[in-house]
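# A closer look at the structure
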Amino acid sequence: MDELVLFQSLTNSDFVLETIKQIEKDFMRCDVSINLNECKNRDDLEQCIFNSINELPAIKLQQLIYLIDIPENEFLKIMSNPFYFRSLSESILRREALKIYIRKNY
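In this report, we go over the structure that sits alongside the text.

## Re the pattern of salt bridges
Note on pairing: side chains with opposite charge can pair once their charged atoms come close. Enumeration over the complete set of coordinates arrives at 9 salt bridges. A salt bridge links Glu46 to Arg42, with the nearest nitrogen and oxygen atoms 3.2 Å apart. Linking Glu46 with Arg42, this pair stays in helix H3 (residues 42-53), spanning 4 residues, or about one helical turn. Its relative accessible area of 28% is what places Arg42 among the partly exposed residues.

## Focus: the nonpolar core
The biggest cluster of nonpolar side chains holds 33 residues, and the ones touching the most others in it are Phe27, Leu45, Ile53, Leu88 and Ile92. Every element with two or more residues in this core is listed here: helix H1 (3-9), helix H2 (13-29), H3, helix H4 (58-68), helix H5 (72-79) and helix H6 (84-105). It is H6 that contributes the most residues to this core, 8 residues altogether. Discounting residues that sit within four places of it in the chain, Phe27 has contacts with Val32, Ile34, Ile49, Ser52, Ile53, Leu64, Ile68 and Ile92.

## A short note on the packing of aromatic side chains
A complete count under the given rule lists 2 aromatic pairs for this structure. Seen from their ring centres, Tyr84 and Phe85 are 4.9 Å apart, and the 80° between their planes marks the pair as edge-to-face. Looking at Tyr84, the relative accessible area reads 16%, which means it is buried. Among the residues examined, Phe85 registers a relative accessible area of 22% and is labelled partly exposed. Joined through ring pairs, the aromatic side chains of Phe75, Tyr84 and Phe85 make up one cluster.

## A look at the side chain of Asp26
Position of Asp26 among the secondary structure elements: in helix H2. Note on Asp26: relative accessible area 1%, which makes it buried. Not counting residues within four places of it along the chain, the set of residues in contact with Asp26 comprises Leu64, Leu67, Ile68, Glu96 and Lys99.

## Some remarks on H3
The terminal C-alpha atoms of H3 lie 16 Å apart, and with 12 residues this matches the ideal 16 Å at 1.5 Å per residue to within 8%. Listed as buried for H3 are Leu45, Glu46, Cys48, Ile49, Phe50, Ser52 and Ile53. Those residues of H3 that are buried lie in contact with H2, H4 and H6. For H3, the side-chain oxygen to backbone nitrogen distance between the N-cap and Asp43 is 3.1 Å, and the N-cap itself is Asn41.

Rules used in this analysis
Residues numbered from 1 in each chain as written. Predicted model: local features only at pLDDT ≥ 70, side-chain atom pairs only at ≥ 80, totals over all residues. Heavy atoms only, no water. Salt bridge = Lys/Arg side-chain N within 4 Å of Asp/Glu carboxyl O. Helix = DSSP H or I, 4+ residues; strand = E, 2+ residues; numbered from the N terminus. Buried < 20%, exposed > 50% of the residue type's maximum accessible area, 1.4 Å probe, protein only. Core = buried A, V, L, I, M, F, W, Y, C linked by side-chain atoms within 4.5 Å. Contact = heavy atoms within 4.5 Å. Phe/Tyr/Trp six-rings, centres within 6.5 Å; stacked < 30°, edge-to-face > 60°. Expected span 1.5 Å × (residues − 1). Polar contact = N/O pair within 3.5 Å; in protein donor to acceptor, adjacent residues only side chain to side chain.

Structure representation (structure tokens):
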């Protein structure tokens, strides 16, 4: 999957709304609160995800990563990044947007 195509999809307001719904649904399933009311684009979404996961206890974060289905090798790579939460926020957004992209196109 070409990441450029995926992230270009996040410029479409309908696609952003669907992605927001998916993120909220997955976070809610882990009892993690997230406020996406003000999010209008990719950068806003990443920042909101960052704000929500930054303070999570490790066990909740692990549950969320498992539920969202971040691949283990990707997660291990992120763990070695000094900007761990920023990279994880981007990865979560990418995975959630991919779910919507696949649902709409296949």
